[in-house]
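In case you want the letters, here they are:
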Amino acid sequence: MATFYRAVILSSMATVVAFHAHPDDEAILTGGTIARAAAKGHRVVIVTATDGRVHNEDEDCRLAELRSSADILGAQRVECLGYADSGFGPEFHPDPPGRVRFGRADVDEAAQRLAAILREEGADLLLSYQANGGYGHRDHVQVHQVGKRAAELAATPRVLEATMPRELLCPISDLAHLLRLPAPYDRDIVGSAYAPRKSITHRIEVFRFARQKRDAFAAHRSQIGNSGVGARLFTVLLRLPPQVFGLLFPREWFVDPALPAGTVRRDIFE
């Protein structure tokens, strides 16, 4: 019976809503998974909580980049809940005129906005974040809270929380420090960031979708920058052939809170 149930799920077309904090998160954390689902004929909707503006940046620029990324990945719809980016770091900026920073948003109000999209789409699966927000960004933590509540309100049957193996971050951070390159995360947070490998339930192979993931990230030109070591590093990565990029970033990871630790799944629809 279990085998039959799994086969039915995998053979039917589903609607996936990928909920992210900012434009570019969709490519970094779930780009390969989105492209893989879309290639199989599933409907994918990308929703961001914020437009990515911390101060008075060009709103149209960030959202245009998001739409370009979504087109590359094969997503059929893009929505933004309209909150302002809260920024990362100790300083929590005041709300800009006429807008609320997502980190200060009322959880139920924001969840109602997302739940309306989940209901409209008849979503079968919501991709969200873990309670620690990955690396502690206040907007990412809020995504978890809002996503969890929205799934309850809309009766969305399944939620997967995007993550990375914590054990993978430590050697990457150490290597970057040794080479005097900017580490993706500060060394003082990698020990508690994302999730321990043993708790990850879904390991999704995305090597075949390396070109889409690379190009989707490259679509967010305003976030790559044009100076400094970090910008040069990103430029090198985004110029790699897809096969090489795929070898460096061959999989994406999720935790299903409803499954016991130690469970291993290879498809988000399992």
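- Under the annotation held in an unreviewed UniProt entry, the protein carries the name GlcNAc-PI de-N-acetylase and is attributed to Mycobacterium kubicae.

**Some details on the packing of helix α2 (residues 25–39) against helix α8 (residues 210–218)**
So, point 1. Where α2 meets α8, the axes come as close as 8 Å, and the angle between the chain directions of the two elements is 140°. In terms of their interaxial angle, α2 and α8 are classed as oblique. Both α2 and α8 take part in a crossing whose hand is right-handed. When α2 is examined against α8, the residues Ala27, Ile28, Leu29, Gly31, Gly32 and Ala35 are found in contact with a partner set consisting of Gln212, Lys213, Ala216 and Phe217.
So, point 2. A class-by-class count of the residues in the contact of α2 with α8 yields six nonpolar, three polar and one charged.

**Description of the pattern of salt bridges**
So, point 1. The final tally for this structure, using the stated rule, is 17 salt bridges.
So, point 2. Glutamate 205 is the salt-bridge partner of arginine 251, the closest N and O atoms lying 3.3 Å from each other. Highlighted residues: arginine 251 in strand β7 (residues 251–255) and glutamate 205 in strand β6 (residues 202–205), separated in sequence by 46 residues.
So, point 3. In this structure glutamate 205 comes out as partly exposed when scored by relative accessible area, which is 35%.
So, point 4. Aspartate 215 is paired through a salt bridge with arginine 214; the nearest N and O atoms lie 2.9 Å apart.
So, point 5. On the basis of relative accessible area, arginine 214 is assigned to the buried category, the value being 10%.
So, point 6. Where salt bridges share partners, they join Arg43, Arg77, Glu79, Glu120 and Glu121 into one cluster.

Calculation rules
Residues numbered from 1 in each chain as written. Predicted model: local features only at pLDDT ≥ 70, side-chain atom pairs only at ≥ 80, totals over all residues. Heavy atoms only, no water. Axes fitted to C-alpha atoms, helices over the stretch in contact; angles between N-to-C directions. Helix = DSSP H or I, 4+ residues; strand = E, 2+ residues; numbered from the N terminus. Parallel < 35°, antiparallel > 145°, perpendicular 65-115°, else oblique. Left-handed = near helix turned anticlockwise from the far one by under 90°. Contact = heavy atoms within 4.5 Å. Nonpolar A, V, L, I, M, F, W, Y, C, P; charged D, E, K, R; others polar. Salt bridge = Lys/Arg side-chain N within 4 Å of Asp/Glu carboxyl O. Buried < 20%, exposed > 50% of the residue type's maximum accessible area, 1.4 Å probe, protein only.

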